[in-house]
Amino acid sequence: MESLRLFICLFLFSFISFFLGAESDHLQHSNVKRLRPNRLFVFGDSYADTGNIRKSLSDSWKIPYGITFPQKPSGRFSDGRVATDFLARYLGIKSPIPYTWKDYAGKERLLYGMNYAYGGTGVFKTKDNPLPNMTTQIDYFQRVLAAGNIYSPSDLPSSIALVSVAGNDYASFLALKRPLTELPAFMKQVVDQIAVNAMRIHKLGVNKILIPSMQPLGCLPSVTIFTSFQRCNATDNTSTKLHNYLLHKAIARLNNETKPSTFVVLDHYNAFLTVFKNKGPEPGVMRFGNPLQPCCVGVNSNFDCSNVDEKGEKKYTICEDPKAAFFWDIFHPTEEGWRSVYSVLHKNLKDVWI
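Residues numbered from 1 in each chain as written. Predicted model: local features only at pLDDT ≥ 70, side-chain atom pairs only at ≥ 80, totals over all residues. Heavy atoms only, no water.

- For the protein chain, the name recorded in an unreviewed UniProt entry is GDSL lipase/esterase, with Arabidopsis suecica as its organism.

## Focus on the state of the cysteines
So, step 1. On inspection of all chains with the given rule, the structure shows 3 disulfides.
So, step 2. In this model, Cys295 is linked to Cys319 through a disulfide, with the two sulfur atoms separated by 2.1 Å. For the disulfide bridge between Cys295 and Cys319, the dihedral angle about the S-S bond is near -95°, and by the sign convention the bridge is left-handed. Here Cys295, found in the loop between α9 (268–276) and β7 (296–298), pairs with Cys319, found in the loop between β8 (316–318) and α10 (335–349); they are 24 residues apart in sequence, far enough to count as distant.
So, step 3. Cys295 sits in the buried class, given a relative accessible area of 3%.
So, step 4. Look at Cys319 and you get partly exposed, because its relative accessible area is 26%.
So, step 5. Indicated for the protein chain is the disulfide connectivity 1-2, 3-6, 4-5, based on numbering the bonded cysteines in sequence order. (Disulfide = S-S within 2.5 Å. Helix = DSSP H or I, 4+ residues; strand = E, 2+ residues; numbered from the N terminus. Buried < 20%, exposed > 50% of the residue type's maximum accessible area, 1.4 Å probe, protein only.)

## Details of the pattern of salt bridges
So, step 1. If you walk through the whole model with that rule in mind, you get 10 salt bridges.
So, step 2. The salt bridge partner of Arg200 is Asp139, with a shortest N-O separation of 2.6 Å. Here Arg200, found in helix α6 (residues 183–203), pairs with Asp139, found in helix α4 (residues 134–147); they are 61 residues apart in sequence, far enough to count as distant.
So, step 3. The partner of Asp192 in a salt bridge is Lys188, and the shortest N-O contact between them spans 2.8 Å. Of this pair, Asp192 and Lys188 both sit in helix α6, separated by 4 residues, roughly a single helical turn.
So, step 4. Exposure remark for Asp192: the relative accessible area of 29% places this residue in the partly exposed category. (Salt bridge = Lys/Arg side-chain N within 4 Å of Asp/Glu carboxyl O.)

## Details of the environment of Gly167
So, step 1. Tracing the sequence through the fold places Gly167 in the loop between β4 (159–163) and α5 (168–175).
So, step 2. C-alpha separation for the pair Gly167 and Val123, spaced 44 residues apart in sequence, amounts to 9.6 Å.

## Some remarks on the sheet that holds β4
Backbone hydrogen bonds are what pair the strands of a sheet, in a parallel or an antiparallel way.
So, step 1. Ordered by their spatial adjacency, 6 strands build an open sheet running β2-β3-β1-β4-β5-β6, and the pairing between neighbours is parallel. Edge positions in the sheet fall to β2 (97–98) and β6 (263–266), since each of these pairs with one other strand and no more.
So, step 2. As judged from the 3 bridges shared by strand β1 (residues 39–43) and strand β3 (residues 113–115), these two strands associate in the parallel manner. Each bridged residue has a counterpart across the sheet, and for Leu40 the counterpart in β3 is Gly113.
So, step 3. On top of the sheet, helix α2 (residues 83–91) reaches β1, β3, β4 and β5 (208–212); it is set at about 160° to β1, its chief contact. (Pairing = 2+ DSSP bridges. Contact = heavy atoms within 4.5 Å. Axes fitted to C-alpha atoms, helices over the stretch in contact; angles between N-to-C directions.)

## Quick look at the pairing of β6
Every other side chain in a regular strand lies on the same face of the sheet, so the side chains alternate between the two faces.
So, step 1. Going residue by residue along β6, you find Phe263 and Val265 tucked away on one face and Val264 and Leu266 tucked away on the opposite face as well.
So, step 2. Inspection of the sheet shows β5 paired to β6 by 4 bridges, in the parallel sense. Note on β6: the bridge partner recorded for Leu210 is Val264.

Below, the structure written as structure tokens:
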């Protein structure tokens, strides 16, 4: 197995090096007329979900999630705010209401857009997860538009969509024990579906679509735990680079079919690494002592953050100060982690206005 992993690593590295050269995951932008958007529509997974999953189905509704904001669980996979919240803040609007809350929110609250993201989902159906994948999420969006009682066609050109794909399809691929030799072809399938989804959202009327590059998967605590959170896994990061390379190519193709700045890649990959490597003062970016070490972890490998035993006793531990940690649990950043990532991206976000 190790020799096979090494083969895959070398193959992916050679593939990327040949095609990518010195290219890096920079935010794509061009000189366009800048009109501040007034709505945000969100699709994707736990990096963007702000509370769509039913309380009975998700740890994100259990203590200690949400202890920083809003001081109680809110369905966010963090101690506080997530990527959606910080993107909305930099766009100058309120964070959009979760789709499953739409019938209970006032009409004024709906004016800022809607969040269709569900934690644990991917572009395809993920293993043992019955929640709506991205195709179904876009179906929900289309139904809301067709109803015509919340948004009109004239609302969409001044809106932005966020399309979050943080790796659940690949986690499902590994959980199904598919051969690693099939991974490059599967990556192309994932990226091709992202492109299909993004174009569909655009054809529904949204003029600006933001698609984050994938964060360095080899730096997630679920991986770095095997080195006591001391270093990232180079093989997994090489695989991530292949995904991001294919994503850039797909988005460039979409922009050639529409107009140059319709689809924009947000550079999560390098933003994460910039925060990890920060050794000096950079506005808005925390200096995390050990950015790879999560704040909330199970007491052993049988438990996760938020787990309790049959007596209700905690089977997890929390770090002294979540604001001093980049990762909240073994997959998700803290609020302070997301704040730092979007502080890195902020200087380029001004270039994505419609």
